[in-house]
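Structure at a glance
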Amino acid sequence: MGYTKEDIIRKVKEEDIQFIRMQFTDIFGQMKNVTITESQIEKALDNQIMIDGSSIEGFVRINESDQYLRPDLDSFVVFPWHKVQGKVARLICDVYNPDGTPFVGDPRGVLKQVLQKAKDMGFDTFNVGPEAEFFLFQTDEEGKPTTKTNDEASYFDLGPLDHGEPTRREICLALEDMGFEIEASHHEVAEGQHEIDFKYQDALRCADSIMTFKLAVKTLAQKNGLHATFMPKPIFGVNGSGMHVNMSLFKKGKNVFFDEKGDKTLSKDAYSFIAGILRHMKGMSAITNPLVNSYKRLVPGYEAPCYMAWSASNRSALIRIPAARGQSTRVELRCPDPSCNPYLALAVCLAAGLDGIEKGLTPPPEITENIFEMSPATRRRRGIDALPGSLEEALTALKKDKYIMNVLGEHVCGQYIAGKEKEWDEYRTRVSSWERDKYIINY
């Protein structure tokens, strides 16, 4: 959009915007914000809004807590759902230290660094199109979420079977008011499961949009008495929610993944990009699939990939190449889920692909058969490895992958791994209802 400070100040006054949310994202992908009134907008646009970084998990220690928010002017937008107690707008911010240097623990800054590396290699743009799924659940008398959907719909069904359709429609309209280009929205396979796809954008804008999308979905679901969750596998025995990531890389306005004379009309760079992701995928999975619960989605039988292979058409493979070619040629990574921090997830995806291009890596042969139906011996013979089976395995793989660790940086890696190991330990030592149901009578 190309906003200037003067544009934003004028818009705040003309539209009678009373509150501005200064938003940023912590290491674990949780959106945070400081809300200011319109009287503070000039101060905010001069990068003078301060936060206490020691209060944000994974940021800084108490003796070095002062940090500043620097708003990205192009991220200014008015929230369409706040109409009663004064209009509310937002600015997405980068986090800086008091000495004017970028904060190394800011996930948005991590992505910016990898995008700069791509530019240094001659790539102008890294475009990303996400496909984020979510569940809409009913709430109880106290407003707390249940796992009831009051919904008997499945893939591509519509009302009256699809009870979430009005809310999904309201979300789409709100997002379009905020500048999103909605390409499709539909009911997913599981009861109560939905997907809304918006047009690809450059990676930084896409990560910003994913965070905004999650906020809009949760806010409007709550407004309608529902609870929206991006938890990867909220219900046993049905499909979980993924966030397929479609990626394309451009140089001088041309898609470098397309080569009219290449095998399957894919370029050498496309194959190297695929190979780079496959090489680093085990360690990356701690970022792209960050929860204990993520690995209950990545099991055979529910469409989510759990084996490391690529294909031009096979949906059981981890990486798929959709049919479109020319400027639309893209690599689709199918394992990420929407609980991930999009800034870190896109950073490691791009970094892994760039490593493949830099090293001229070649991927293993394409797998066209249904991998889920192969025996373990067949998979071993074909060289098809499995994704980590748990968050613990993924964290172990991440610690072994020095390249991805370096991409994330010492601060982010240290804080992220410590937080996730604590999460795993809580899970490991917690007694579940399954254990009680299984053992309490017999033993």
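Overview of the structure. (Residues numbered from 1 in each chain as written. Predicted model: local features only at pLDDT ≥ 70, side-chain atom pairs only at ≥ 80, totals over all residues. Heavy atoms only, no water.)

**A few points about the overall build of the chain**
A tally of helices and strands in the chain yields 13 helices and 18 strands. Its C-alpha atoms give the chain a radius of gyration of 22 Å, near enough to 22 Å, the size a compact globule of 443 residues would have. In terms of its C-alpha atoms, the chain occupies a principal-axis envelope of roughly 65 × 60 × 45 Å. Each of the 443 residues in the chain was classed as buried or not, and the buried ones make up 54%. Within the chain, residue pairs in contact and separated by at least 24 positions form 70% of the contacts whose partners lie at least 6 positions apart. Only carbon and sulfur atoms are counted for the fraction: they give 48% of the accessible area of the chain, which is about 20600 Å². A gap of 4 Å separates the mean positions of the 55 positive and 64 negative side-chain charges of the chain. (Helix = DSSP H or I, 4+ residues; strand = E, 2+ residues; numbered from the N terminus. Rg over C-alpha atoms; globule rule 2.2 N^0.38 Å. Buried < 20%, exposed > 50% of the residue type's maximum accessible area, 1.4 Å probe, protein only. Contact = heavy atoms within 4.5 Å. Areas by Shrake-Rupley, 256 points an atom, 1.4 Å probe, with all protein chains shown as cover. Lys, Arg positive; Asp, Glu negative; His and termini not counted. Charge placed at Lys NZ, Arg CZ, Asp CG, Glu CD.)

**Side note on the environment of Leu 91**
Tracing the backbone shows Leu 91 in strand 6 (residues 87–96). A sequence separation of 22 residues divides Leu 91 from Leu 69, and the C-alpha atoms of the two residues are 9.9 Å apart. Residue contacts for Leu 91: discarding those within four places in its chain leaves Ile 8, Ile 20, Arg 21, Met 22, Gln 23, Ile 41, Leu 45, Pro 71, Asp 72, Leu 73, Ser 75 and Phe 76.

**Some points on the packing of helix 10 (residues 391–400) against helix 12 (residues 410–429)**
The interhelical angle for the contact between helix 10 and helix 12, taken along N-to-C directions, is 155 degrees, at an axis separation of 10 Å. On the basis of the axis angle, helix 10 is roughly antiparallel to helix 12. For helix 10 against helix 12, the interelement crossing comes out left-handed. Judged by residue contacts, Leu 391, Glu 392, Leu 395, Leu 398 and Lys 399 of helix 10 engage Ile 417, Lys 420, Glu 421, Glu 423 and Trp 424 from helix 12. Among the residues forming the contact of helix 10 with helix 12, the class breakdown is five nonpolar, no polar and five charged. (Axes fitted to C-alpha atoms, helices over the stretch in contact; angles between N-to-C directions. Parallel < 35°, antiparallel > 145°, perpendicular 65-115°, else oblique. Left-handed = near helix turned anticlockwise from the far one by under 90°. Nonpolar A, V, L, I, M, F, W, Y, C, P; charged D, E, K, R; others polar.)

**Notes on the pattern of salt bridges**
One pass over the full model with this rule turns up 25 salt bridges. Of the charged contacts, one joins Glu 421 and Lys 399 as a salt bridge, the two residues approaching to 2.6 Å between their closest N and O atoms. You can see Glu 421 sitting in helix 12 and its partner Lys 399 sitting in helix 10, a full 22 residues away along the chain. A residue is classified by how much of its surface remains accessible, and Lys 399, at 33% relative accessible area, is partly exposed. Arg 428 serves as the salt-bridge partner of Asp 425, at 2.7 Å between the closest nitrogen and oxygen. Of this pair, Asp 425 and Arg 428 both sit in helix 12, three residues apart, roughly one helical turn. A single network of salt bridges, built from pairs that share partners, joins Asp 72, Asp 74, Asp 94, Arg 108, Lys 112, Arg 205 and Asp 208. (Salt bridge = Lys/Arg side-chain N within 4 Å of Asp/Glu carboxyl O.)

**Some thoughts on the state of the cysteines**
Counting across every chain of the model gives zero disulfides. Cysteine Cys 93 is unpaired, with the sulfur of Cys 206 as its nearest cysteine sulfur at 19 Å. (Disulfide = S-S within 2.5 Å.)

**Some details on the environment of Thr 362**
Assignment of secondary structure puts Thr 362 in the loop between helix 8 (342–359) and helix 9 (376–381). In the structure, Thr 362 is positioned 66 residues away from Arg 428 in sequence and 38 Å away in space, judged by C-alpha atoms.

**Topic: the packing of helix 6 (residues 268–288) against helix 10**
In helix packing, the relevant descriptors are the interaxial angle and the interaxial distance, both defined with respect to the helix axes. Look at helix 6 against helix 10: their axes get within 7 Å of each other, and the N-to-C directions meet at 120 degrees. Put simply, helix 6 runs oblique to helix 10. The two elements helix 6 and helix 10 cross, and the hand of that crossing is left-handed. Residues Lys 282, Gly 283, Ser 285, Ala 286 and Ile 287 of helix 6 form the contact with helix 10, whose participating residues are Ala 394, Leu 395, Ala 397 and Leu 398. Taken together, the residues of the contact of helix 6 with helix 10 sort by class into six nonpolar, two polar and one charged.

**Points about the nonpolar core**
One finds Phe 213, Met 247, Leu 249, Ile 319, Leu 333 and Leu 408 to be the most contacted residues of the largest nonpolar core, which totals 98 residues. Those residues within four positions of Met 247 in sequence are excluded, and the remaining contacts are Phe 126, Asn 127, Val 128, Phe 257, Phe 273, Ile 277, Arg 330, Val 331, Leu 333 and Cys 349. Formed by 22 residues, the second largest nonpolar core is a distinct cluster that contains Ile 20, Ala 44, Cys 93 and Phe 103. (Core = buried A, V, L, I, M, F, W, Y, C linked by side-chain atoms within 4.5 Å.)

**Digging into helix 8**
Relative to the 26 Å expected for 18 residues at 1.5 Å per residue, helix 8 spans 26 Å between its end C-alpha atoms, a close match to the ideal helical length. Extensive coverage of helix 8 is indicated by the burial of 16 of its 18 residues. Sitting at the amino-terminal end of helix 8 is Asn 341, which places a side-chain oxygen 3.1 Å from the backbone nitrogen of Tyr 343. Looking one or two places after helix 8, you find Gly 360, whose phi comes out positive at around 60 degrees. (Expected span 1.5 Å × (residues − 1). Polar contact = N/O pair within 3.5 Å; in protein donor to acceptor, adjacent residues only side chain to side chain.)

**Observations regarding the environment of Ala 184**
Its place among the elements puts Ala 184 in strand 8 (residues 182–187). Between the C-alpha atoms of Ala 184 and Val 238, which are 54 residues apart in sequence, the distance is 23 Å. Residue contacts for Ala 184: discarding those within four places in its chain leaves Glu 195, Ile 196 and Asp 197.

**Things to note about a nonpolar patch on the surface**
A surface patch of nonpolar side chains, amounting to about 450 Å² of accessible area, comprises Trp 434, Tyr 439 and Tyr 443. On the basis of relative accessibility, which here comes to 79%, the residue Tyr 443 falls in the exposed class. (Patch = residues over 30% accessible without salt bridge, like charges linked within 9 Å, V, L, I, M, F, W, Y side chains within 5 Å.)

**Examining the packing of aromatic side chains**
Overall, the coordinates contain 16 aromatic pairs when judged by the stated rule. Note on Tyr 3 and Phe 76: the rings are 5.7 Å apart at their centroids and 85 degrees apart in plane angle, and the pair reads as edge-to-face. Of this pair, Tyr 3 sits in the segment before helix 1 (5–14) while Phe 76 sits in the loop between strand 4 (66–71) and strand 5 (77–78); the two residues are 73 residues apart in sequence, bridging distant segments of the chain. An identical accessibility class is assigned to Tyr 3 and Phe 76; each is buried. Here the aromatic rings of Phe 28 and Tyr 416 are separated by 5.7 Å at their centres, their planes lie at 20 degrees, and the arrangement is stacked. Taken together, the residues span a long stretch of sequence, with Phe 28 in the loop between strand 1 (17–25) and strand 2 (31–37) and Tyr 416 in helix 12 at a distance of 388 residues. Classification of Phe 28 by relative accessible area gives buried; the value is 15%. On the basis of relative accessible area, Tyr 416 is assigned to the buried category, the value being 3%. A network of ring pairs unites the aromatic residues Phe 134, Phe 180, Phe 198, Phe 213 and Phe 230 as a single cluster. (Phe/Tyr/Trp six-rings, centres within 6.5 Å; stacked < 30°, edge-to-face > 60°.)

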